[in-house]
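Descriptive analysis of the structure
Below, each chain spelled out in residue letters.
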Amino acid sequence: MKRLRRPTHLAVLSALLIWTLPQSSYADTPSMLALTKTSVFSDAKGLPPSTSSNIATTQLNTELPNFNYGSKEIDLWERVRAGYAIPDLDNKLVNNQLTWYSTRTDYILRTVQRGSRYLYHVVEELEKRGMPTELALLPFIESAFNPQAISTTKATGMWQFMAATGKDFNLKQNMFKDDRRGVLDSTDAALNYLERLHGMFGDWQLTLAAYNWGEGSVQRAIKKQQALGLPIDFDSMSPLMPPETRNYLPKLQAVKNIIAHPEQFNIALPKLENQPYFVSVDKTRDIDVRVAAQLAELSLDEFNALNPQFNRPVITGNSNTKILLPTDNAALFKENLSKWQGPLSSWSTMSVQKTEKVENLASRLGVKPDLLRDVNLIPAKMLVKAGSTILVPKSDKTADNDIAPELADKAQLVIEKAVTTRQISYKVGKRDNLNSIAKRYQVSVADLRTWNNLKHDSVSNGQTLHLQVPVTNKNNRTTVASHSKTPAHAAPSRALVAHVKTPKKRHG
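Residues numbered from 1 in each chain as written. Predicted model: local features only at pLDDT ≥ 70, side-chain atom pairs only at ≥ 80, totals over all residues. Heavy atoms only, no water.

Focus on the overall build of the protein
Along the backbone of the protein there are 21 helices and 12 strands. The buried share of the protein, reckoned over its 508 residues, is 54%. Carbon and sulfur atoms provide 49% of the accessible area of the protein, an area that totals close to 22100 Å². (Helix = DSSP H or I, 4+ residues; strand = E, 2+ residues; numbered from the N terminus. Buried < 20%, exposed > 50% of the residue type's maximum accessible area, 1.4 Å probe, protein only. Areas by Shrake-Rupley, 256 points an atom, 1.4 Å probe, with all protein chains shown as cover.)

This is the structure in structure tokens:
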């Protein structure tokens, strides 16, 4: 959110090849799509008025449904138009946004096609709550309907939740999944948040301003207007808002106008069938993403587009974990699952007991270091901290057990840059001992003994010791790679997607 902080068919490859990544991120943990895709694109025609260029996203490059253009039949668009309920805004900013959008037909259609998977579900949920249906167009502004979208402030998903706000709305974020990307959970959370804001302000235009700017900011602006005896509607308060928020509602109004009368802008919207695109299927055992896609007879791209919340190549969890599949493919999934003879999951976990290099861990496990780095999103020259949980391939000697749900919920991967050291010599003084020397140079007594082949802890006055002293590096910081799913996930260095809003500072 902002302040919620807020191709084609791939052949089914072996688990080891599927998860070989050319990119990595250790601030956030990538989504399944980011793990299986490397191509990104930018819309070529630039950003709309007032949209800054600091939004980074991963773009879905998946096969899109075939659409019937120019149909006169009533479809999902008619439901959306029939439920418009937010008062229209008509000013210069709206006209500017209309000009931007209406001259970029390819962008409009590409975003609509991407959103076609999700729009029916969003409209259904809005109607159940009696909320204005133009809110279904809000992801158009937030993320261009890209559930992998990540802003530079790490707002994530179709509705752009920041990590803290996501937790406020019970969106689970851990090493294995990030519900800010999940279609069902993030939509429910976003509508809950919008309902709460509307309860505070009683005005949908101010609700949207608060969704973008934060409720605290809108409340302060209202108090300032009231103190001056001025109106407190969106238009009147607009000068008090930052440019992003000032243009936020105009953007939505522009898209709303185009959807209402596409013919006026020479745009032929694709017909969207007024029926669910997907259904949910219960998952009772751990299952590899590649296996789930294979059983559903879907490409990995399409599977990930419907299930973008999963961060790793294995889907963990209990019977409450669901996967989304197109209706016909759900039936295929169940049929193929009943006949499946092979293992469902090829991954397990290991707890790291001491901070060490990936190469050392890989050597003990008998696997290639690159495999561990790729599947756990560990960049080169990074150490895995003690207490971390890493994903490892199951072996013939490993019991075919599922990853415990409680472990999946709490698992964290903490990494840090390997420390560069230099060797120095130290002459022991009269009052020195190993403890005082170790403390002075920020090393361990055990290391001092190892470096100097000492068999006990005593040292003599005048004795020369050799030490490996850390070289100070201000950029050497520890990073937690857990829920932070950039990838994203979707890593911080993603291609810019045109007309995705600038990051906001979610409520406050």
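Here's the deal with the packing of helix H17 (residues 358-365) against helix H18 (residues 369-376)
Angle between the axes and distance between the axes: these two values describe a pair of packed helices. For the pair H17 and H18, the least separation of the axes is 8 Å and the interaxial angle reads 115°. As summarised for this structure, H17 and H18 are arranged roughly perpendicular, according to the angle between their axes. Regarding H17 and H18, the two cross each other, and that crossing is right-handed. Here Val-358, Glu-359, Leu-361, Ala-362 and Leu-365 of H17 lie close against H18, whose contacting residues are Pro-369, Leu-372 and Arg-373. Here the contact of H17 with H18 is built from residues that sort into six nonpolar, no polar and two charged. (Axes fitted to C-alpha atoms, helices over the stretch in contact; angles between N-to-C directions. Parallel < 35°, antiparallel > 145°, perpendicular 65-115°, else oblique. Left-handed = near helix turned anticlockwise from the far one by under 90°. Contact = heavy atoms within 4.5 Å. Nonpolar A, V, L, I, M, F, W, Y, C, P; charged D, E, K, R; others polar.)

Topic: the pattern of salt bridges
Scanning all chains against the criterion turns up 22 salt bridges. Two residues, Lys-172 and Asp-409, come together in a salt bridge whose shortest N-O distance is 3.3 Å. Remark: Asp-409 occurs in helix H19 (residues 405-410) and Lys-172 occurs in the loop between helix H8 (163-168) and helix H9 (183-201); sequence separation between them is 237 residues. Taking the relative accessible area as the measure of exposure, Lys-172 reaches 37% and is therefore partly exposed. Arg-364 serves as the salt-bridge partner of Glu-356, at 2.9 Å between the closest nitrogen and oxygen. One network of salt bridges, in which partners are shared, links Arg-79, Glu-124 and Glu-127. (Salt bridge = Lys/Arg side-chain N within 4 Å of Asp/Glu carboxyl O.)

Details of unusual backbone geometry
Look at Gln-160: it is not a glycine, yet its phi comes out positive at around 55°. Within the secondary structure layout, Gln-160 lies in the loop between helix H7 (138-142) and H8. Gln-160 gets classed as buried once you look at its relative accessible area, which sits at 0%. Non-glycine residue Lys-381 carries a positive phi angle of around 65°. Turning to its location among the elements, Lys-381 is positioned in the loop between H18 and strand S7 (382-384). Residue class for Lys-381 comes out exposed when judged on its relative accessible area of 71%.

With respect to the pairing of strand S4 (residues 322-326)
Buried residues dominate S4, accounting for four of its five residues. Where strand S1 (residues 278-282) meets S4, five bridges bridge the pair, whose relative direction is antiparallel. The residue of S4 that forms the bridge with Phe-278 is Pro-326. (Pairing = 2+ DSSP bridges.)

Observations regarding the packing of aromatic side chains
Counting across every chain of the model gives 10 aromatic pairs. With 6.5 Å between their ring centres and 35° between their planes, Tyr-101 and Tyr-107 make a pair best called tilted. For the pair Tyr-101 and Tyr-107, a shared accessibility class is recorded, and that class is buried. Aromatic pair Phe-161 and Phe-169: ring centres 6.5 Å apart, planes at 55°, arrangement tilted. Per residue, the accessibility class of Phe-161 equals that of Phe-169, and both read buried. Joined through ring pairs, the aromatic side chains of Trp-100, Tyr-101, Tyr-107, Phe-140 and Phe-145 make up one cluster. Against the face of Tyr-84 rests Lys-256, its NZ or CZ located 5.1 Å from the ring centre. (Phe/Tyr/Trp six-rings, centres within 6.5 Å; stacked < 30°, edge-to-face > 60°. Lys NZ or Arg CZ within 6 Å of the ring centre and 35° of its normal.)

Thoughts on H18
Burial within H18 is extensive, with six of its eight residues counted as buried. Along H18, the positions that sit buried rather than exposed are Leu-371, Leu-372, Arg-373, Asp-374, Val-375 and Asn-376. Among the residues trailing H18, Leu-377 stands out with phi positive, at a value near 60°.

Side note on the packing of helix H6 (residues 119-129) against H9
Running from N to C, H6 and H9 cross one another at 35°; their axes reach a closest spacing of 11 Å. Crossing hand, H6 versus H9: right-handed. Between H6 and H9, the residues in contact are His-121, Val-122, Glu-125, Leu-126 and Arg-129 and Val-183, Leu-184, Thr-187, Asp-188, Leu-191, Asn-192 and Glu-195, respectively. Taken together, the residues that form the contact of H6 with H9 break down as five nonpolar, three polar and four charged.

Brief notes about helix H4 (residues 92-102)
Three- or four-residue spacings in an α-helix give side chains the same orientation, since the helix completes a turn every 3.6 residues. Along H4, the residues that are buried comprise Val-94, Gln-97, Leu-98, Trp-100, Tyr-101 and Ser-102. Considering only its buried residues, H4 is in contact with helix H5 (105-115), H7 and helix H13 (243-260). The residue sitting at the N-terminus of H4 and contributing the capping side-chain oxygen is Asn-91; that oxygen lies 3.0 Å from the backbone nitrogen of Leu-93. (Polar contact = N/O pair within 3.5 Å; in protein donor to acceptor, adjacent residues only side chain to side chain.)

Looking at the nonpolar core
Nonpolar side chains tend to gather and get buried jointly when the protein is soluble and globular. Grouped together as the largest cluster of nonpolar side chains are 69 residues, with contacts concentrated most on Tyr-101, Phe-140, Trp-159, Leu-194, Leu-208 and Tyr-211. Of the residues forming this core, the biggest block, eight residues, is contributed by H9. Residues Val-281, Ala-296, Phe-303 and Phe-333 belong to the second largest nonpolar core, which totals 17 residues. (Core = buried A, V, L, I, M, F, W, Y, C linked by side-chain atoms within 4.5 Å.)

Brief notes about the environment of Asp-447
Positionally, Asp-447 belongs in helix H21 (residues 445-451). When its relative accessible area of 34% is taken as the criterion, Asp-447 is described as partly exposed.

Let's talk about the environment of Leu-391
With respect to the helices and strands, Leu-391 occurs in strand S8 (residues 389-393). For Leu-391, a relative accessible area of 0% corresponds to the buried category. Sequence separation of Leu-391 and Arg-312 is 79 residues, and the distance between their C-alpha atoms is 8.4 Å. What Leu-391 contacts, discounting residues up to four positions off in sequence, is Met-175, Phe-176, Arg-312, Pro-313, Val-314, Trp-347, Ser-348, Thr-349, Leu-372, Val-375, Asn-376 and Ile-403.

Some words on the confidence of the model for the protein
Mean pLDDT for the protein: 81, with 78% of residues reaching 70 or above. The model gives residues 2-47 a pLDDT under 50, and that stretch makes 216 contacts with residues more than four places away or in other chains. In this model, residues 51-72 is a region of pLDDT below 50 whose contacts with residues beyond four sequence positions or in other chains number 85 contacts. (pLDDT = per-residue confidence, 0-100.)

Here's the deal with the side chain of Asn-174
Take Asn-174: it is sitting in the loop between H8 and H9. Since its relative accessible area comes to 4%, Asn-174 is described here as buried. Separated by 3.5 Å, the side chain of Asn-174 and the backbone oxygen of Ala-408 make a polar contact.

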